[in-house]
Amino acid sequence: MTRLPEDAAFARRAMPLLDLTDLSEGCTAAAVAALCATARDSRVAAVCVWPRFVTEARGHLGTSGVRVATVINFPGGGEDVASAVADTRAALSDGAHEIDLVLPYRAHLEGRADPVRAMVAAVRAACGGALLKVILETGELTTPEAIAGASRLALEEGADMLKTSTGKSPVSATPEAARIMLAAIRAHAGPRPAGLKISGGVRTIADAAPYLALADAAMGAEWASPATFRFGASQLHGALAAALGETR
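Residues numbered from 1 in each chain as written. Predicted model: local features only at pLDDT ≥ 70, side-chain atom pairs only at ≥ 80, totals over all residues. Heavy atoms only, no water.

## Looking at the overall build of the chain
Moving on, step 1. If you tally the helices and strands in the chain, you get 10 helices and 8 strands.
Moving on, step 2. In terms of overall size, the chain behaves like a compact globule, its C-alpha atoms giving a radius of gyration of 17 Å where 248 residues would be expected to give roughly 18 Å.
Moving on, step 3. Along the longest, intermediate and shortest principal axes, the C-alpha atoms of the chain span 50 × 40 × 35 Å.
Moving on, step 4. For the chain, contacts bridging at least 24 residues in sequence account for 76% of all contacts bridging at least 6.
Moving on, step 5. With an accessible surface of roughly 10400 Å², the chain has 53% of that area assigned to carbon and sulfur atoms.
Moving on, step 6. Seen as two clouds, the 24 positive and the 26 negative side-chain charges of the chain have centres 4 Å apart. (Helix = DSSP H or I, 4+ residues; strand = E, 2+ residues; numbered from the N terminus. Rg over C-alpha atoms; globule rule 2.2 N^0.38 Å. Contact = heavy atoms within 4.5 Å. Areas by Shrake-Rupley, 256 points an atom, 1.4 Å probe, with all protein chains shown as cover. Lys, Arg positive; Asp, Glu negative; His and termini not counted. Charge placed at Lys NZ, Arg CZ, Asp CG, Glu CD.)

See below:
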C-alpha cells in the first residue's frame with residue numbers, strides 16, 4: 001500500500017497519544033514484556049494491562065516516561081463500590097499511574113444515578129492524584145441522551161477523561177458518541193481540563209483520523225495532547241509505525 005504524506009503527518013501526531021493495550025483473556029507476562037518494549041521504542045503515552053501485570057509493566061518501562069494504566073470494574077461495569085476501591089488502591093500500590101474505570105452503565109440506563117455517582121466518586125477519592133478515565137461503554141447506552149447524561153455524571157464526579165468503550169461490547173467507539181462526549185467535556189466547568197479516550201474498533205489511520213478531526217473542531221487544533229486525548233487502540237500502532245517507517 002502506498003503511504004501518503006498526510007498519513008505520516010497524522011502518525012507523527014497520533015503516536016504519542018496511543019495507549020498500547022493488552023486486555024486479552026490469554027495475556028501473558030511475555031506478551032506484556034513485548035508490549036512494553038514496543039511502547040518504549042515508539043514513545044507512546046501509556047500501556048494498559050490487567051491489574052495483575054501492573055508491577056511487571058512498571059519494571060519493564062522504568063524511566064521511559066511511558067505510563068502504566070489498568071482497568072477496574074472491567075468489563076462488566078458492576079456496582080460493587082468497595083471492591084472497585086480496593087482494586088484501585090492495590091493497582092496504585094503496584095505502580096499504576098492511571099485507572100480506567102467502567103461506569104455502572106446498566107444502572108445509568110435504568111435511571112439509577114446514585115450507584116453510578118457513588119462508584120465514580122469513591123474511585124476518584126481512591127485515585128488521589130492518579131489519572132482517572134471513566135469508561136462509559138457507549139455502544140450499550142443506545143441513545144444520545146444516555147451518552148450525554150453519562151458523560152456529565154462522570155465529569156461531575158471527578159473523571160479526568162471520558163473513555164468510549166471497553167472494547168468487549170458489540171459496538172465500540174463511534175464518531176457520534178465521541179461528538180457527544182466532546183460537547184460534554186467542552187461544557188464542563190471543572191477544576192481542571194477533562195479529556196477523551198477513543199477505544200475499540202480503531203485499527204487504521206482512516207479509522208482514527210475522524211476522531212482527531214472531531215477533537216480539533218470541538219476543542220481547537222492545539223487541544224489534543226497526551227493529557228487530554230488518547231487512542232486505546234493497539235492495532236492502530238502498526239498503521240502508524242508503517243506510515244512513519246516509509247518517510248524516515
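## A closer look at the environment of Pro115
Moving on, step 1. You can see Pro115 is positioned in helix α6 (residues 113-127).
Moving on, step 2. Counting along the chain gives 34 residues from Pro115 to Val81, while the straight-line C-alpha distance between them is 8.3 Å.
Moving on, step 3. Residues within four places of Pro115 in sequence aside, it is in contact with Glu79, Pro104 and Ala107.

## Examining the sheet that holds strand β7 (residues 195-199)
Moving on, step 1. What the 8 strands build is an open sheet, ordered β1-β2-β3-β4-β5-β6-β7-β8; its pairing is parallel. The strands lining the two open edges of the sheet, one partner per strand, are β1 (19-22) and β8 (229-232). Put simply, the sheet's adjacent strands are angled 25° from each other on average, direction ignored.
Moving on, step 2. Pairing between β7 and β8: 4 bridges, direction parallel. (Pairing = 2+ DSSP bridges. Axes fitted to C-alpha atoms, helices over the stretch in contact; angles between N-to-C directions.)

## Observations regarding the nonpolar core
If you look at soluble globular proteins, the nonpolar side chains tend to sit buried side by side.
Moving on, step 1. Val47, Val123, Leu196, Ile198, Phe229, Phe231 and Leu240 are the most contacted members of the largest nonpolar core, which totals 85 residues.
Moving on, step 2. The contact partners of Phe229, leaving out residues within four places of it in the chain, are Leu17, Met161, Leu196, Ile198, Tyr211, Leu212, Ala215, Trp223 and Ala224. (Core = buried A, V, L, I, M, F, W, Y, C linked by side-chain atoms within 4.5 Å. Buried < 20%, exposed > 50% of the residue type's maximum accessible area, 1.4 Å probe, protein only.)

## Quick notes on the layout of surface pockets
Moving on, step 1. The volume enclosed by the largest pocket comes to roughly 480 Å³.
Moving on, step 2. Forming the walls of the largest pocket are 20 residues, and the residues nearest its centre are Thr21, Gly167, Gly200, Gly232 and Ser234.
Moving on, step 3. Here the lining of the largest pocket is composed, by residue class, of 4 nonpolar, 11 polar and 5 charged. (1 Å grid on protein atoms, 1.4 Å probe; cavity = no way out; pocket = protein on both sides within 12 Å on 5 of 7 lines; lining within 4 Å. Points joined across faces, edges and corners; volume = space filled by probe spheres on them. Nonpolar A, V, L, I, M, F, W, Y, C, P; charged D, E, K, R; others polar.)

## Things to note about the packing of aromatic side chains
Moving on, step 1. As enumerated under the stated definition, the model contains 3 aromatic pairs in all.
Moving on, step 2. Aromatic side chains Trp50 and Phe74 sit 5.6 Å apart centroid to centroid with 80° between the ring planes, which places their arrangement in the edge-to-face category. One end of the pair, Trp50, is in the loop between β2 (46-49) and α3 (54-61); the other, Phe74, is in the loop between β3 (67-72) and α4 (81-94), with 24 residues separating them in the sequence.
Moving on, step 3. Residue Phe74 is classed as buried on the basis of its relative accessible area of 13%.
Moving on, step 4. Taking 5.1 Å as the distance between ring centres and 80° as the angle between the ring planes, the aromatic pair formed by Phe229 and Phe231 counts as edge-to-face.
Moving on, step 5. Taken together through their ring pairs, the aromatic side chains of Trp223, Phe229 and Phe231 make up a single cluster. (Phe/Tyr/Trp six-rings, centres within 6.5 Å; stacked < 30°, edge-to-face > 60°.)

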